[in-house]
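# Residue-level structural notes
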Amino acid sequence: MSDLIRKRTSSFKNPKEGKERIEGWVAKMEASNGRPYAKISVETELGQTQVYGLNLDENYTESIVIFPGFRTSALFWDFDNGLDLLKREALKIYLIETNGQPNLSAGHTPDIKGNGYGIWANKVLEQLGIERTYIAGASFGGLVCMKLAITNPEKIKAAFLLNAGCFRMISLGFKNLYYNLLPILFPSKKNMDLFFEQIVFCGDHHCLSSNSKDLIMDYMHYVIQFYQDKTQKPYPMGAELRIVDTPVHLLFGANDYLLPYEKSMANAQRYLKNIQSIKVFPNVGHGIETYQPAIEYIKLQINKSTMQPLS
């Protein structure tokens, strides 16, 4: 279990204020979507992990566990009730707030180059009483999914990787670097808006409602200024992926300038031996987890794997 040793610790500059701010933001999400989330706190060697849930009171046998991208919340998947497509299926939905990210989980993280994230994710599943499940991860969450596929493949029915951060380094292209650094160096709402327009979303094809846009701006504007991020960034896992037997579905946004999909797809095909499907969505940016057709695609693939609709 040495891989689960705490390597780095991130935190809000004012932990009490940060906790209150995130709790308030979650309440706004609940009000915006017109539904509460089940709230579960579990303990691992990395400290507390916050979990949100939908359909947890239902007597469903199938589930999906979702891991968020870097510097985001798993609740981003539910902007504009984005998870309704899965919620209407006979699925329990678990939204895991990864440790070391700006959320209500503890800030401790393992060494990203080891298998600590996989061990941690399995510990979370054990605490939740999940024996076998579908998993999904966006960007950094895709790397967490693959770490779990290495350490505990028996827990996974299939993995859905959305613009996953485990196949290549981020683009060093001018557009990506410029719009990524702009809100970090000059954290105004105007610069944040430019980042979302140019990198996360894609014009009128891939966007959020004005209410959800306000929520994401509020979240990101606060965490960029007041979260002390020391968590290691994702990296190309390369040959590590050769031992993954888990069925994998790959979803890409054609307009992802952070992780342009061509190289990601080529590396995935090079190293992964059990790719079940690949879907490239035109006119979609890096924040593909907020794109309804991507959630629809996950639902269709789950239904296909069960040979019948879940509901």
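Below: a short report on this structure. Not measured: the values here are computed from a predicted model.

### Observations regarding a nonpolar patch on the surface
- On the surface, a cluster of nonpolar side chains totalling about 410 Å² of accessible area is made up of Leu181, Ile184, Leu185 and Phe186.
- Within the secondary structure, Leu181 sits in helix 5 (residues 174–185).
- On the accessibility criterion, Leu181 (43% relative accessible area) is partly exposed.

### Side note on the pairing of strand 6 (residues 91–96)
- Burial of strand 6 is extensive: six of the six residues sit out of reach of the surface.
- As paired elements, strand 4 (residues 47–54) and strand 6 share four bridges and run antiparallel to each other. Paired with Val51 across the two strands is Ile96, which belongs to strand 6.
- Looking at chain direction, strand 5 (residues 62–67) and strand 6 are connected through five bridges and run parallel.

### Topic: the pairing of strand 9 (residues 156–162)
- By the criterion of burial, strand 9 is predominantly enclosed, with six of the seven residues buried.
- Here strand 8 (residues 133–138) pairs with strand 9 via six bridges, running parallel. Residue pairing for strand 9: Ala138 is matched across the bridge by Leu162.
- Alignment of strand 9 against strand 11 (residues 248–253), held across four bridges, turns out to be parallel. If you follow Phe160 over to strand 11, its bridge partner there is His249.

### A closer look at the packing of helix 1 (residues 15–33) against helix 7 (residues 210–226)
- Running from N to C, helix 1 and helix 7 cross one another at 170 degrees; their axes reach a closest spacing of 11 Å. With respect to each other, helix 1 and helix 7 are oriented roughly antiparallel. In contact with Glu17, Gly18, Arg21, Ile22, Trp25, Lys28, Met29 and Ser32 of helix 1, helix 7 contributes Asn211, Leu215, Asp218, Tyr219 and Tyr222.
- Of the residues belonging to the contact of helix 1 with helix 7, the class tally is six nonpolar, three polar and four charged.

### Some points on the environment of Lys123
- Inspection of the secondary structure assignment puts Lys123 in helix 3 (residues 116–128).
- On the basis of relative accessibility, which here comes to 23%, the residue Lys123 falls in the partly exposed class.
- The sequence separation of Lys123 and Gln101 amounts to 22 residues, and the corresponding C-alpha distance is 18 Å.
- Contacts of Lys123, omitting those with residues within four sequence positions, involve Leu4, Thr44 and Glu45.

### Some remarks on the pattern of salt bridges
- Considering all chains together, one arrives at 15 salt bridges under this definition.
- Ionic pairing is found between Asp218 and Lys28, a salt bridge with its closest N-O pair at 3.8 Å. Pair noted here: Asp218 is in helix 7 and Lys28 is in helix 1, with a separation of 190 residues, a long-range link.
- As a salt-bridge pair, Asp193 and Lys213 come within 3.0 Å of each other at their nearest N and O atoms. Separated by 20 residues along the polypeptide, Asp193 in helix 6 (residues 189–200) and Lys213 in helix 7 bring together distant segments of the chain.
- Under the relative-accessibility criterion, Lys213 is labelled partly exposed at 33%.
- A single salt-bridge network, built from bridges that share partners, covers Arg21, Lys28 and Asp218.

### Describing helix 4 (residues 140–151)
- Over its 12 residues, helix 4 extends 17 Å from the first C-alpha to the last, a length consistent with the 16 Å expected when each residue adds 1.5 Å.
- By the criterion of burial, helix 4 is predominantly enclosed, with 11 of the 12 residues buried.
- Residues Phe140, Gly141, Gly142, Leu143, Val144, Cys145, Met146, Lys147, Leu148, Ala149 and Ile150 constitute the buried set of helix 4.
- Check the buried side of helix 4 and you find it contacts strand 5, helix 3, strand 8, strand 9 and strand 11.

### Some words on the sheet that holds strand 11
- The strand order 3-4-6-5-8-9-11-12 describes an open sheet built from eight strands, whose pairing is mixed. Strand pairing shows two members of the sheet lacking a second neighbour, strand 3 (38–44) and strand 12 (275–281), which therefore form its edges. Direction aside, the axes of adjacent strands within the sheet are offset by 20 degrees on average.
- Packed on one face of the sheet, helix 9 (residues 292–306) meets strand 5, strand 6, strand 8, strand 9, strand 11 and strand 12 and runs near 160 degrees to strand 12.

Conventions we followed
- The numbers attached to residues start from 1 for each chain and follow its sequence in the written order.
- Owing to the predicted nature of the model, reporting of local features is limited to residues with pLDDT of at least 70; listing and counting of side-chain atom pairs is limited to 80 or more, with chain, interface and lining totals taken over all residues.
- To get the side-chain values, take all heavy atoms of the structure and skip hydrogens and water.
- Patch members must show over 30% relative accessible area and no salt bridge, and they are joined within 9 Å when carrying like charges or within 5 Å when they are nonpolar side chains of Val, Leu, Ile, Met, Phe, Trp or Tyr.
- Note on areas: Shrake-Rupley with a 1.4 Å probe; residue coverage comes only from the protein chains shown.
- Salt bridges are defined as contacts in which a side-chain nitrogen from Lys or Arg sits within 4 Å of a carboxyl oxygen from Asp or Glu.
- Helical segments are the DSSP runs of H or I of at least four residues, strand segments are the runs of E of at least two, and each set is numbered from the N terminus.
- For the exposure calls, accessible area comes from a 1.4 Å probe over protein chains only, and a residue counts as buried if that area is under 20% of its type's maximum, exposed if over 50%, partly exposed in between.
- Two strands are said to pair when DSSP picks up at least two bridges between them.
- Fitted lines through C-alpha atoms give the axes, limited to the stretch in contact for helices. The angle between two N-to-C directions lies from 0 to 180 degrees.
- Any angle that falls under 35 degrees is termed roughly parallel, while one over 145 is termed roughly antiparallel, one within 65 to 115 roughly perpendicular, and all others oblique.
- In this description, contact between two residues means that some pair of their heavy atoms is separated by no more than 4.5 Å.
- Under the convention adopted here, Pro, Cys and the residues Ala, Val, Leu, Ile, Met, Phe, Trp and Tyr are nonpolar, Asp, Glu, Lys and Arg are charged, and Gly plus all remaining residues are polar.
- Here the expected length of a helix is defined as 1.5 Å per residue gap, with one fewer gap than residues.

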